[in-house]
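Now for the letters of each chain:
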Amino acid sequence: MTALKLDRVTKRFDAVTAVDQLDFEVPEGEVFGFLGGNGAGKTTSLRMVLDIIRPTEGRIEVLGRPPGRDNAAAIGFLPEERGLYRRMSALDTIVYFGRLKGMTPGDARREGLALLDRFGLAANARSTVDKLSKGMAQKVQLATAVVNRPRLLILDEPFSGLDPVNQGLLEDEIKRASASGATVVFSTHVMQHAERLCDRLLLLAKGRKKFEGTLDEARGQLPSRLSVVARQSLDGVAGVEAAEAGTEHGDGWREWIVRLRPGVAAGDVLERCSTDGIALRRFDEQRPSLHDVFLHLVGPAEARA
Ligand SMILES: Nc1ncnc2c1ncn2[C@@H]1O[C@H](COP(=O)(O)OP(=O)(O)OP(=O)(O)O)[C@@H](O)[C@H]1O
Ligand SMILES: [Mg+2]
């Protein structure tokens, strides 16, 4: 079944087209990264999925239905703008959200305590939100999004504001939700999180889809680079587009940064070096990072914007 489906969705705010003819599908059980720079249209898209705002054009299906209250209990959401009742305790906050999602008080409390424990906040269960640090409050907010064990978990920039330890904890929580069968959609502009977590991802720029596919497919958008240590240039070897001299390794050995021609695999070049009798000391394939792919597809100006 499809957890989420957008069909030519457009959202205009007066003169601004925030989301432009956006199409994508997320099958149930997938971890899906929604990537794009500032202003790309990520939050606007997610808000439409949650029925906070309506599309100008197009259709959205969430767990087989149009966005709305009917399936709210099956969805967990971490909004970009964090906001909790400052005078409510951490535990009461989580219980309150669990109750909104139809949980019994007992279940919500049990799950809330387990979450606080897992998030290293067991000692803060009774602290009011205004007494928590920003990162701690954010973990409480994350707990409110997952307390009902949603079938579809939607997280808007969940990593921002968390230190590296808590970013790891959040990654674990995403993997945990996924392992229990949930679909997870999260937005981010930090490619490394997506690289570690996503089954598939979508790249958005200026409201338009630039890419949708697996991490491998994304990397396949750009040729690999090779770092080769040899005694002679690899320029002229079949399949090599260009070989740039790198650092000297002494005794005539030197590193060559090699760009491959489109469609050529690293193994082909290795084989060719061997038939051509080129002695090698090192032969490393460096696959492009998601960041490289992003810059390639979106352009540095828009990637930064
Ligand atoms: N309520 C609104 N009224 C007018 N314009 C809006 C509104 N909400 C968003 N926009 C515009 O829509 C575009 C996309 O914004 P959006 O918040 O969806 O981007 P984003 O990808 O979430 O960016 P960020 O990474 O900064 O959170 C921006 O140009 C923004 O100014
Ligand atoms: Mg946003």
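Just so it is clear, the model here is predicted, and its values are computed rather than measured.

Novice: Before we move on, can you summarise the overall build of the protein chain with the specific residues and values?
Specialist: Across its full length, the protein chain carries 10 helices and 13 strands. For the protein chain, the spread of C-alpha atoms along the principal axes amounts to about 75 × 45 × 35 Å. With 305 residues in all, the protein chain has 36% of them scored as buried.

Novice: Describe in detail the packing of helix α4 (residues 134-146) against helix α5 (residues 164-179), supporting the description with residues and values.
Specialist: Taken N-terminus to C-terminus, the directions of α4 and α5 make an angle of 5°; their axes are 12 Å apart at the nearest point. What the angle tells us is that α4 and α5 run roughly parallel. Mapping the contact onto sequence places Gly135, Lys139, Leu142 and Val146 in α4 and Asn166, Leu170, Glu173 and Ala177 in α5. Split by residue class, the contact of α4 with α5 holds 4 nonpolar, 2 polar and 2 charged.

Novice: Mind laying out the site of ligand 1, listing which residues take part and the relevant values?
Specialist: As a structural note, the neighbourhood of ligand 1 is formed by 13 residues, with Phe13, Ala18, Lys42, Thr43 and Thr44 the closest of them. Those elements that provide at least two residues to the shell around ligand 1 are β2 (16-27) and α1 (42-49). Counting residues per element, the shell around ligand 1 draws most heavily on α1, which supplies 3 residues.

Novice: Can you lay out the pairing of strand β9 (residues 208-214) for me, pointing to particular residues and giving the numbers?
Specialist: Two strands pair when backbone bridges link them, and strand β8 (residues 200-205) and β9 are joined in this way by 6 bridges, in the antiparallel orientation. If you follow Leu204 over to β9, its bridge partner there is Lys209. Hairpin connection between β8 and β9: a loop of 2 residues separates the two successive antiparallel strands, and Lys206 in this loop has a positive phi of roughly 50°.

Novice: Break down the pairing of strand β5 (residues 75-78) for me, with residues and values.
Specialist: In β5, alternate side chains face the same way, and those of Ile75 and Phe77 on one face and Gly76 and Leu78 on the other are all buried. Direction of pairing for β5 relative to strand β6 (residues 152-156): parallel, over a ladder of 4 bridges. Each bridged residue has a counterpart across the sheet, and for Ile75 the counterpart in β6 is Leu152.

Novice: Help me get a handle on the sheet that holds strand β12 (residues 253-260), residues and values and all.
Specialist: Pairing within the open sheet is antiparallel, and its 4 strands lie in the order β11-β12-β10-β13. Looking at which strands have only one partner, the edges of the open sheet turn out to be β11 (240-250) and β13 (280-286). Within this sheet the neighbouring strands show an average axis-to-axis angle of 20°, counted without direction. Sheet topology note: the strand β10 (residues 225-230)/β13 ladder contains 6 bridges and is antiparallel. Looking across to β13, one finds that Val229 is bridged to Arg282. The sheet strands contacting helix α8 (residues 266-275) are β10, β11, β12 and β13, and the helix crosses β13 at an angle near 165°.

Conventions we followed
Residues numbered from 1 in each chain as written. Chains lettered and ligands numbered in written order. Predicted model: local features only at pLDDT ≥ 70, side-chain atom pairs only at ≥ 80, totals over all residues. Helix = DSSP H or I, 4+ residues; strand = E, 2+ residues; numbered from the N terminus. Buried ≥ 20, exposed ≤ 12 C-beta atoms within 10 Å, placed from the backbone. Axes fitted to C-alpha atoms, helices over the stretch in contact; angles between N-to-C directions. Parallel < 35°, antiparallel > 145°, perpendicular 65-115°, else oblique. Contact = placed C-beta atoms within 7 Å. Nonpolar A, V, L, I, M, F, W, Y, C, P; charged D, E, K, R; others polar. Near = placed C-beta within 6 Å. Pairing = 2+ DSSP bridges.

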